[in-house]
Amino acid sequence: MASEEKLLENLDLVFNKLGDGLLFLDTKGKILKLNQAVLDLSGYKKEELIGSNVFKLTKIFPSKSLKKIILIFAEVLKGKSIDLYTIEVKTRQGELKIIEVNTSVLKQNNKVGMIVVVIRDITGRVNLEKELKESKEIIEESGIVTFVWLNKKGWPIKYVSNNVVDIFGYSVQDFKSGKISYEKVIHPKDLSRVFQEVKENSENLKVKSFKHQPYRIITKKEKIKVINDRTFIIRNKQGKVIEYRGLIEDITEKKKLEDDINNMFNLSNYMVCKADLKTGRFIKISSAFSKILGWSEEELLSKPFTDFIHPKDVKKTNNAINEQMKEGKEILKFENRYKTKKGDYVWLEWSAHPVPEENVSYSSAYDITYRKKTEKKLRENQEDSQRRNEELEKINNLMVGRELKMIELKKEIKKLKSGMASIEKKKTWTEKFQEAVELEEAVIRKYQTFYLDQLKKSNLSLLRKRKAVKLLNRLIDESVEHENRFRELIKKEYGKTK
Amino acid sequence: MAKQNKKLARIFNDLYLIEKQARDLYNEFLKTLEDPEERKVVKFIRDQEKDHMRIAKELIDLVK
């Protein structure tokens, strides 16, 4: 007897140590016995549950769960076997838990004597499954296809998400049945590279995941697509690769757009760039930069751009950058000098569109060195011309004054001479003609240079300018002729005196 | 009238005065010059100076 008691005591101990909850009910649903696991799960005390009718435990069973229990109870009493089912229960703390229930009967004299209920808390598992399902849905909606490849020849597919058809055109079944292998969908020209990337990363035990260089696939409709593939390597304890799990993304359109932008970027003769305003470095530059400056793209990206700017232009460039950073101010026609690889400088004119929230600026520039040189030359010419004009004007004023004075003086002299004719010898014709030569020379000298120049620079209409130039040219030509004629007369007079 | 045009008008006015002086001078020559060939030359030049005075006037009008 003592041994039997000891046995029952031990059974009770085992009963309470069970991880799953165990309840014994009578045929009316009254709880006769329960173990510790039930108390732990529900949060209730033993005395609060023992003797209670499960159909009245509304504080524990929400109505939906209660209905289910009643239905199943009826079935069990009829002697039917019931599969596992799940219901929701509310703990004493108000927490909702999901439990898996296994109900069976204990018969006595071929009649249902007692109902045995085994319960298991599966809340964690269900939530995890739910989260997993949600994650899977999110991944599938994002357009990313998940693959699990076995590490065997041809990479047979263990799992692939339903959205595989969206990218590859092939169904899950096509892949899982082995009708199509992954190796076959990779573009033949990219296959060896993909193989190599898998091989290299698999051999390195430290690598847990790697990203393939984008590669091409051929879809069921024989369309070529470019994809991004991040692969996770799954190894056993010995480090041997068992399988690969991959996240595949279709980047065909993205790549096309990127290629188009790059082409536009590089075909342009303009220097187009994206610069980081915070670090003061170029992020991306068009090929025109290298063509014009002589530096390679790597060289230009490796240093802050101020390293290439003429020391005298660094301050104003930094000021312009600060304005862009602070105010997001667009910059137009900003000029500075950039050093070429040969060591000389080229003038660049910039237009910049900053995006301060990203600390970047999109800019374009073009080489204005020739324009700058021309402007400099023009400025020098203008200064020179101005200087010359001023000198000529001075000379002219002096000359006109002198000539007029000379003529006046000569008149005075003439008058004096006529008055003194009786006592003084008359002025010779040689001298008179010489006076005429000087007068004609004065006209020629002035109008040939200074006045014509002044006329060209005036704001007269083109028509008037042309007419004036024509008249002055005629006047100059005829004055030259007059001068020559008077010189000939001088010669003749000279001949007479000889 | 722009500053530059005023300046030009002043310049052409000076030109007119010089041409007028030339005409007067050659008129003076013709009063006493006896050599017929020389008279012919001076007369021709004097007439052209008259025309130059007209040109100078025309230039002044152009820039006004």
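Note that this is a predicted model, so its numbers are computed, not measured.

Asker: Sorry, what's going on with the overall build of chain A here?
Answerer: Broken down by element type, chain A carries 16 helices and 16 strands. Looking at the 498 residues of chain A, the share that counts as buried comes to 19%. Pairs at least 24 apart in sequence give 44% of the contacts found in chain A among residues at least 6 apart.

Asker: I keep staring at the overall build of chain B and nothing clicks. Help me out?
Answerer: The helix and strand inventory of chain B stands at two helices and zero strands. Relative to its full complement of 64 residues, chain B shows a buried share of 36%. Put simply, of all contacts in chain B between residues at least 6 apart along the chain, 66% involve residues at least 24 apart.

Asker: For this particular structure, what's the right way to read the interface of chain A and chain B?
Answerer: The partner chain B presents 24 residues to the 24 residues of chain A that form the contact. Where the side of chain A that touches chain B is concerned, the elements lending two or more residues are α14 (369-419), α15 (429-457) and α16 (462-497) of chain A. Per element, the largest residue contribution to the side of chain A that touches chain B is ten residues, and it comes from α15(A). Of the residues contributing to the side of chain A that touches chain B, the split by class is 14 nonpolar, four polar and six charged.

Asker: Help me understand unusual backbone geometry, please; the structure alone is not making it clear to me.
Answerer: What is expected of a backbone is that most residues other than glycine have negative phi and most peptide bonds are trans. All names here are of chain A. Positive phi is not limited to glycine here, since tryptophan 155 has a value of about 50°. Along the chain, tryptophan 155 falls in the loop between β6 (145-150) and β7 (157-160). Residue classification places tryptophan 155 among the buried positions, given that 21 C-beta atoms sit within 10 Å.

Asker: Can you walk me through the sheet that holds strand β2 (residues 31-34) of chain A in this structure?
Answerer: Strand-to-strand pairing in sheets goes through backbone hydrogen bonds, with the strands running parallel or antiparallel. Residue and element names in this part refer to chain A. Taken in spatial order, the five strands of this open sheet run β2-β1-β5-β4-β3, and their pairing is antiparallel. The open sheet has two edge strands with one neighbour each: β2 and β3 (85-90). Within the sheet, the average angular offset between the axes of one strand and its neighbour, ignoring direction, is 35°. By the bridge criterion, five bridges tie strand β1 (residues 21-25) to strand β5 (residues 111-121) in an arrangement that is antiparallel. In the sheet register, phenylalanine 24 faces β5, and the bridge partner there is valine 116. Along the sheet, helix α4 (residues 63-77) makes contact with β3, β4 (96-108) and β5, crossing β3 at roughly 135°.

Asker: Is there a simple way to explain helix α5 (residues 123-141) of chain A in this structure?
Answerer: One turn of the α-helix equals 3.6 residues, which is why residues spaced by three or four share an orientation. Residues and elements named next belong to chain A. Under the 1.5 Å per step criterion, the end-to-end length of α5 is 26 Å for 19 residues, consistent within 8% with the ideal 27 Å. Within α5, only zero of the 19 residues are buried, which leaves the element largely exposed. Of the residues flanking the end of α5, it is glycine 143, one or two places downstream, whose phi is positive at about 90°.

Asker: Looking at this structure, I do not really get the sheet that holds strand β13 (residues 281-285) of chain A. What am I missing?
Answerer: Residue and element names in this part refer to chain A. Ordered by their spatial adjacency, five strands build an open sheet running β13-β12-β16-β15-β14, and the pairing between neighbours is antiparallel. The two strands at the open ends of the sheet, each matched to only one other strand, are β13 and β14 (331-339). Sheet twist, expressed as the mean angle between neighbouring strand axes with direction ignored, is 35°. When strand β12 (residues 271-276) meets strand β16 (residues 360-367), the two strands line up antiparallel, connected through six bridges. The residue of β16 that forms the bridge with aspartate 276 is valine 360.

Asker: Even after reading the chapter, I still don't get the environment of Trp347(A), so can you show me in this structure?
Answerer: Residues and elements named next belong to chain A. You can see tryptophan 347 is positioned in strand β15 (residues 345-355). When the 20 C-beta atoms within 10 Å are taken as the criterion, tryptophan 347 is described as buried. Note: C-alpha distance between tryptophan 347 and glutamate 335 (twelve residues apart in sequence) is 6.9 Å. With near-sequence residues (within four places) excluded, tryptophan 347 lies in contact with Glu335, Arg337, Ile368, Thr369 and Lys372.

Asker: Where do I start with the confidence of the model for chain A in this structure?
Answerer: Atom-level detail of predicted coordinates should not be read off regions where pLDDT is low. All names here are of chain A. Averaged over all residues, the pLDDT of chain A is 84; the fraction at 70 or higher stands at 87%. Per-element confidence in chain A is highest for strand β9 (residues 215-218), whose mean pLDDT is 95, and lowest for α14, whose mean pLDDT is 69. Counting interchain partners and residues more than four positions distant, the pLDDT-below-50 stretch residues 421-425 has two contacts.

Asker: What am I meant to see in the nonpolar core here?
Answerer: If you look at soluble globular proteins, the nonpolar side chains tend to sit buried side by side. Residues Ala436(A), Phe12(B), Leu25(B), Tyr26(B) and Leu59(B) are the most contacted members of the largest nonpolar core, which totals 28 residues. Looking at this core, the elements that each hand over two or more residues are α15 and α16 of chain A together with α1 (3-32) and α2 (36-63) of chain B. When residues in this core are grouped by element, the largest group, nine residues, is from α1(B). Leaving out residues up to four positions away in the same chain, Phe12(B) has contacts with Ala56(B), Leu59(B), Ile60(B) and Val63(B).

Procedures and definitions
- Residues numbered from 1 in each chain as written.
- Chains lettered and ligands numbered in written order.
- Predicted model: local features only at pLDDT ≥ 70, side-chain atom pairs only at ≥ 80, totals over all residues.
- Helix = DSSP H or I, 4+ residues; strand = E, 2+ residues; numbered from the N terminus.
- Buried ≥ 20, exposed ≤ 12 C-beta atoms within 10 Å, placed from the backbone.
- Contact = placed C-beta atoms within 7 Å.
- Nonpolar A, V, L, I, M, F, W, Y, C, P; charged D, E, K, R; others polar.
- Pairing = 2+ DSSP bridges.
- Axes fitted to C-alpha atoms, helices over the stretch in contact; angles between N-to-C directions.
- Expected span 1.5 Å × (residues − 1).
- pLDDT = per-residue confidence, 0-100.
- Core = buried A, V, L, I, M, F, W, Y, C linked by C-beta atoms within 7 Å.

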